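A structural walkthrough
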Amino acid sequence: LEAYIADKFNVDESLDARGVEASRARPSTAPPSTSRPPRERGASIDGDDRPPGTPTVTVQLSPRFPGGGPDDEPLDPPAYEDDEDETHSQPPERVSERQRVELLFQSKALSSNSTIIQSLVSQYSQAACSPAPPSKSEPSPESGRFLVNIEDGEHDDPGSMQRSVASPVWSCVHSFTFKVVPVASAKDSQQVSNSGACEVATGLDSLVRSLGKAPEALRDLEADAAGDAQQLNNLVKLVVAAHQITAYARKNLGMLDGLPDDNEFQSTALTAKMLRQLSDPLAVATLSIPKWCTAIPSACPALVPFLTRRALYQTVSLGVSRALHHLTQRLTQQAAFNTEQSRRLENEVQLSAIPRQKVRISRDRLVESALKVMEQYGATAPLLEVEYIGEVGTGSGPTLEFYAQIADAMKSSTPRMFREVTLEDLLFPHPYKQTPAHVSAMFRLLGQTVAKCMLDGRLIDLHLHPLFWGGVLGHTVTEIDLADVDPMLHKSLCSLRKLSAQDLEATCLDFRLPGDSAVELVPDGANVSVTVDNLELYIKLVFSFVMVDGVKAQIDAFSKAFQRLLDLSVCKPWSLRELPTLVLGASPRDSEFWTIEHLASYIRAQHGYSAHSPRFNDLLHCLAKYTPEKRRKFLQFCTGSPTLPINGFAGLRPPLTVVKKEPPPAPLSPDSFLPSVMTCANYLKLPEYSSADHLERQIDTAICEGQSAFHLS
């Protein structure tokens, strides 16, 4: 709405994109009701005392859903309430400094990051808490806790929802005023930057700094929380401090006994309340999830379980169409064991599909095609689907394989993008004195690909290091963090401190990077020997180059490309250890999802096989014995992606289904045929082999030889 007004009145301001999205997210707009008597200039409307001639925007809200969400089709611009005076059509006087539009409701300025609905709910929520009783002639304001305000225990009263929808948010015509104000200075609207990644601090310094950042995420709640804001800040600071100190003691001090687990920090009451908010279709459709739902997990992720934060992320960060799509999926999954509820959802919930963009690429020029595709479509909202030239496969299978092949190309890129050896094979940028252009281009591709996968809900086989994400988000790094990136280098640097002056001189070290003599840490570093006097400087320079200076260009390239599609604020509700799993899913190294119990619970047997069929059970035992490398091949063969969702086979949509492949005509036997798959449906067609050994051999052949092609079977 602010963007529309600024354009209408020719205000010289480059508004934030979120303001545009907010204006598109309202359910409907209409001119003011004709039944209202005409007002004179300066008259009061809805209790708003405006100066004479103040431009006014009137918005009328109705409780209805957009079919597929405002992402799919634009809404009409708001109607202006024009007087006879020409003040309304004349643009405000231009001044030399940059300006912006500021909206007001009842003489109170509204936040640019809020939707119209959020602002109204906030105002009426505060009015409900006011000691002054509401006028009998006006509708009584609801609590504002929900847009459709269903308190606990009221779900059985069909009239309760009807009364809540008739709250002042929906039953009145609301008038907003606006004025042109100077643009705030940069220091008043600081955004996430990478400047923190260039700092080197001790572990304790980093801990102390992190404790001071917690209340920043709660500033937007201060106006809504009124007198409780300080209490809320103090409580969150205490929980954050306890959690951070626990993590510090576990990592840096080696303390394991007596420390609370992460699960002990979670609040079940807060989680239940948040899930109720996220299950309100009207709040989801109007982008009016209360501010505390995003502020508290951003300030202290440990308070809320991972899966709840993922539902929050799907609701508030991906647009209305995807939010309603994920809400429908969650409701359908909850109703899976209730036939009546499932049938009602099928009849009542009808949403238009998320827009899709199909592209065709060549396997022979994969990287070049990926660069062009992401440059053209990487920053757009439609769901990206990939097809290969000369192949018949389409849908999620080829798309997931495309991302898997891009991941493999990045891991083997020359010059290389990532360090050759890291702890647990995590991916951390290889440091360069001057970053090659090809490496910068590949990190831009990486940023676009990761953002697109997060938006579309795809998995990609890139286990990015938590410290890489820390650099993207501007976190400080400490010397002990080097042990997580290069344990051998960290151990070697620490051992130098234990050497005597004579032994240190005998090492013949100079001021060049260990392992890469072409990188000089100081001018003419090849001729500067490391001594007891300059040892600490040497260690600091090695650490700074490996962890900060040598990777800054790569991190900046990733960050800028990522922010073309998603804002970095979407990463706030996650810890650095959790962020990689959003992209990767469950690692094939995690044996938790490859037990007989898990496999039997979430792999279906249908159309010729049952849960008790000998060959189906042989398949489960075969999978349970697989090494991580074979797991990757099996998953890529069946689904297109070499990794599982976060909750293993339980997260596959649709679930992995095993059916009997029709037997061939005589004299051929099933033993002569390999299994085949439909990757888009996660559908494995398995012949009824004569023995478990033959089944294992044929599956091994299929997953090794049947990759990188989509043809009819």
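To start, this report covers the structure provided alongside it. These numbers were taken from a predicted model, which means no experiment stands behind them. (Residues numbered from 1 in each chain as written. Predicted model: local features only at pLDDT ≥ 70, side-chain atom pairs only at ≥ 80, totals over all residues. Heavy atoms only, no water.)

A word on the pattern of salt bridges
Filter applied, for reference: Salt bridge criterion: a side-chain nitrogen from Lys or Arg within 4 Å of a carboxyl oxygen from Asp or Glu. Helix and strand definitions follow DSSP, with helices as H or I runs of at least four residues and strands as E runs of at least two, each counted in order from the N terminus. Here's how the labels work: a residue is buried when its accessible area is under 20% of the maximum for its type, exposed when over 50%, partly exposed in between, all with a 1.4 Å probe on protein chains only.
Throughout the structure, instances matching the rule amount to 23 salt bridges. The shortest N-O distance in the salt bridge between R356 and E385 comes to 2.4 Å. Within this pair, whereas R356 is found in strand β5 (residues 356–361), its partner E385 is found in strand β6 (residues 383–388), the two being separated by 29 residues in sequence. Overall, E385 belongs to the buried group, its relative accessible area being 7%. Sharing partners across several salt bridges, the network here consists of K411, D461, E629 and R632.

Focus: the packing of helix α20 (residues 487–496) against helix α22 (residues 535–549)
Under the convention used in this document: Structural elements are reduced to axes, namely lines fitted to C-alpha atoms, with helices fitted over the stretch in contact, and the angle between N-to-C directions of any two is expressed from 0 to 180 degrees. What sets the label is the angle itself: under 35 degrees gives roughly parallel, over 145 gives roughly antiparallel, 65 to 115 gives roughly perpendicular, and the rest give oblique. For any pair of crossing helices, the crossing counts as left-handed if the nearer helix is rotated counterclockwise from the farther one by less than a right angle, and right-handed if it is rotated clockwise. Contact between two residues is taken to exist if any of their heavy atoms lie within 4.5 Å; hydrogens are not considered. The nonpolar class holds Ala, Val, Leu, Ile, Met, Phe, Trp, Tyr, Cys and Pro. Asp, Glu, Lys and Arg form the charged class, and all remaining residues, Gly among them, are polar.
In contact at an axis separation of 10 Å, α20 and α22 are set at 170° when each is read in the N-to-C sense. The angle between the axes of α20 and α22 places the two elements in the roughly antiparallel class. You can see that α20 and α22 cross each other, and the crossing is left-handed. Each of L489, L493 and L496 in α20 lies in contact with α22, whose residues at this interface are L535, Y538, I539, V542 and V546. Considered class by class, the residues forming the contact of α20 with α22 number eight nonpolar, no polar and no charged.

Overview of the nonpolar core
Put simply, the test is: In these notes, a set of buried Ala, Val, Leu, Ile, Met, Phe, Trp, Tyr and Cys residues joined through side-chain atoms within 4.5 Å is what counts as a nonpolar core.
One finds F402, L446, W469, Y538, F558 and F562 to be the most contacted residues of the largest nonpolar core, which totals 75 residues. Residues contacting L446, with those up to four places away along its chain left out, are M410, M417, F418, L462, L464 and F558. If you look at the next biggest cluster of nonpolar residues, it comprises 29 residues, including A586, L623, L652 and I699.

Some remarks on the packing of aromatic side chains
Note the cut-off: Pairing of aromatic rings covers Phe, Tyr and Trp, the last through its six-membered ring, and needs centres within 6.5 Å; plane angles under 30 degrees mean stacked, over 60 mean edge-to-face, and all others mean tilted. The rule for a charge over a ring is simple: NZ of Lys or CZ of Arg within 6 Å of the ring centre, and within 35 degrees of the ring normal.
What the rule picks out here adds up to 13 aromatic pairs. With a centroid separation of 5.8 Å and an interplanar angle of 65°, the aromatic rings of F418 and F443 are classed as edge-to-face. Of this pair, F418 sits in the loop between α16 (396–411) and α17 (437–456) while F443 sits in helix α17, placing them 25 residues apart in sequence. Look at F418 and you get buried, because its relative accessible area is 6%. The interplanar angle of 75° and the centroid separation of 5.0 Å between the aromatic rings of F468 and F558 together place this pair among those described as edge-to-face. With F468 in helix α18 (residues 466–472) and F558 in helix α23 (residues 552–562), the pair connects residues that are 90 residues apart, well separated along the chain. For the pair F468 and F558, a shared accessibility class is recorded, and that class is buried. Among the aromatic residues, ring-to-ring pairing joins F418, F443, F468, W469, F558 and F562 into one connected group. One Lys or Arg, R363, reaches over the ring of Y388 and ends 3.7 Å from the middle of that ring.

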